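# Structure at a glance
Residues per chain, in single letters:
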Amino acid sequence: MTLVPRAVVVTRATELEEVLAAHATRGQAAFFLRERGRDIAEVEERHRQHEKALATVSGSIPVEWRRAEVRRVELDRFLFEPEDVVITVGPDGLVANVAKYLDGQPVIGVGVGDRGVGVLADHRAEDVATTLFALRSGGAVIEDRTMEEVETASGLRLRALNELYVGHRSHQSARYVLSCPSGVERQSSSGVIVSTGTGGTGWAASIARERGAAPSAWPEEPEVEFFVREAWPGPGYGVDHTQGLLAEARELVITSEMEDGVVFGDGVEADALPVGWGEVVRVRVSETRLRLVRPGRSLLAQPD
């Protein structure tokens, strides 16, 4: 028997919740913000917009479905089920945060309030009912977004939707041997960024822009692109292999010459894997993809 779907709503703490947690009372929080040229009323309004969006999303979930709500800080301890439909309520980064914990569950990203929809969180809260109807009816349009994964010789693994960073923990000079399809080279740099097409609008876009080019990887194609940041052309170090495209069957292999190296995904340094001297890091296209539900493109009629 097929289980009833479960809607899993993923949220993060609002700025108001964070500032109140740090300063205990509204008055102290208001003083802290005022000293930095900000008004707590603005922060409270964004919190209200977030709560309103959450209420709208909750009211859009079919009554017969099961429900769960999880905060971003709890994701590594939450057990997702195959029947889950994941709804993130917040910025684009929340979609990236949850993607690495999923295995084929569809994701609906909901943007909030005056900051509007994003690239991944591109639904409005009031559109969720229509999107869930399309999912139930088999008429939703879903993009399979390429993800990437890293595996260390010690057996640690990590997936990412946007980009992976391999380098020194402090972001100072990273030393390693890089092996890519175009060759092998010992390098000293500010680290290596490996980006998917989805990540091509973020960190990779900044690097590519400085080099007078656009990122080459596409979000739905099984490929990723690597960028070596600020490679140093010193004695014993090369600068010839600083950018390249990796197709599905190819790997980027980095052999560490650092005592305190790390690899982390999607900007979340708290989830970093340690990379010590001699550690071998392999980055490749992941077999797992993010199933991102797109808004306003249902193939079926909308509910009344």
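Residues numbered from 1 in each chain as written. Predicted model: local features only at pLDDT ≥ 70, side-chain atom pairs only at ≥ 80, totals over all residues. Heavy atoms only, no water.

## Description of the overall build of the protein
- A tally of helices and strands in the protein yields six helices and 16 strands.
- Scaling as 2.2 N^0.38, a compact globule of 304 residues should have a C-alpha radius of gyration of about 19 Å, and the protein matches this with 21 Å.
- Dimensions along the principal axes, computed over C-alpha positions, put the protein at roughly 65 × 55 × 35 Å.
- Burial statistics for the protein: of 304 residues in total, 48% are counted as buried.
- For the protein, the share of sequence-separated contacts (at least 6 apart) that also reach a separation of at least 24 residues comes to 68%.
- Entry remark: accessible area of the protein is about 14,600 Å², with carbon and sulfur atoms responsible for 50%.
- Placing the 34 positive and 47 negative side-chain charges of the protein at their respective mean positions leaves the two points 3 Å apart. (Helix = DSSP H or I, 4+ residues; strand = E, 2+ residues; numbered from the N terminus. Rg over C-alpha atoms; globule rule 2.2 N^0.38 Å. Buried < 20%, exposed > 50% of the residue type's maximum accessible area, 1.4 Å probe, protein only. Contact = heavy atoms within 4.5 Å. Areas by Shrake-Rupley, 256 points an atom, 1.4 Å probe, with all protein chains shown as cover. Lys, Arg positive; Asp, Glu negative; His and termini not counted. Charge placed at Lys NZ, Arg CZ, Asp CG, Glu CD.)

## Structural notes on the sheet that holds strand β15 (residues 273–275)
- Ordered by their spatial adjacency, six strands build an open sheet running β12-β11-β10-β7-β14-β15, and the pairing between neighbours is antiparallel. A strand with exactly one partner marks an edge of an open sheet, and here the two such strands are β12 (243–247) and β15. Each neighbouring strand pair of the sheet contributes to a mean axis angle of 20°, computed without reference to strand direction. (Pairing = 2+ DSSP bridges. Axes fitted to C-alpha atoms, helices over the stretch in contact; angles between N-to-C directions.)

## Observations regarding helix α5 (residues 128–137)
- V128, T131, L132, A134 and L135 are the residues of α5 that are buried. Down the axis, α5 shows its buried residues gathered within 155° of arc, on one side only.
- With its phi angle positive at about 80°, G138 sits one or two positions after the end of α5. (Arc of directions from axis to C-beta.)

## Observations concerning the pattern of salt bridges
- What the rule picks out here adds up to 24 salt bridges.
- Two residues, R294 and E143, come together in a salt bridge whose shortest N-O distance is 3.5 Å. Here the residue R294 occupies a position in the segment after β16 (280–293), and E143 occupies one in strand β5 (residues 142–152), the gap between them amounting to 151 residues. The two residues R294 and E143 agree in class, both being buried.
- For E251, the salt bridge is made with R282, and the minimal N-O distance between the two is 2.9 Å. Taken together, the positions of E251 in the loop between β12 and β13 (252–256) and R282 in strand β16 put the pair 31 residues apart, joining distant regions of the chain.
- In the salt-bridge network here, residues are joined through shared partners; they are E149, E151, R157, E251, R282 and R284. (Salt bridge = Lys/Arg side-chain N within 4 Å of Asp/Glu carboxyl O.)

## Concerning the side chain of R294
- The buried category is assigned to R294, whose relative accessible area is 13%.
- Within the structure, the side chain of R294 is placed 2.7 Å from the side chain of D122, a separation counted as a polar contact.
- Discounting chain neighbours no more than four positions away, the residues touching R294 are V119, D122, H123, V141, E143 and R145. (Polar contact = N/O pair within 3.5 Å; in protein donor to acceptor, adjacent residues only side chain to side chain.)

## Describing the packing of helix α2 (residues 26–34) against helix α3 (residues 40–60)
- Relative orientation of the contacting elements α2 and α3 amounts to 115°, with a least axis distance of 9 Å. Along its contact with α2, which presents R26, A29, A30 and L33, the element α3 presents I40, V43 and E44.
- By residue class, the composition of the contact of α2 with α3 is five nonpolar, no polar and two charged. (Nonpolar A, V, L, I, M, F, W, Y, C, P; charged D, E, K, R; others polar.)

## Brief notes about the packing of aromatic side chains
- One pass over the full model with this rule turns up four aromatic pairs.
- An angle of 45° between the planes, with centres 5.7 Å apart, marks the rings of W232 and Y237 as tilted.
- We classify Y237 as buried; its relative accessible area is 15%.
- Taken together, Y165, W203 and F264 form an aromatic cluster joined through their ring pairs. (Phe/Tyr/Trp six-rings, centres within 6.5 Å; stacked < 30°, edge-to-face > 60°.)

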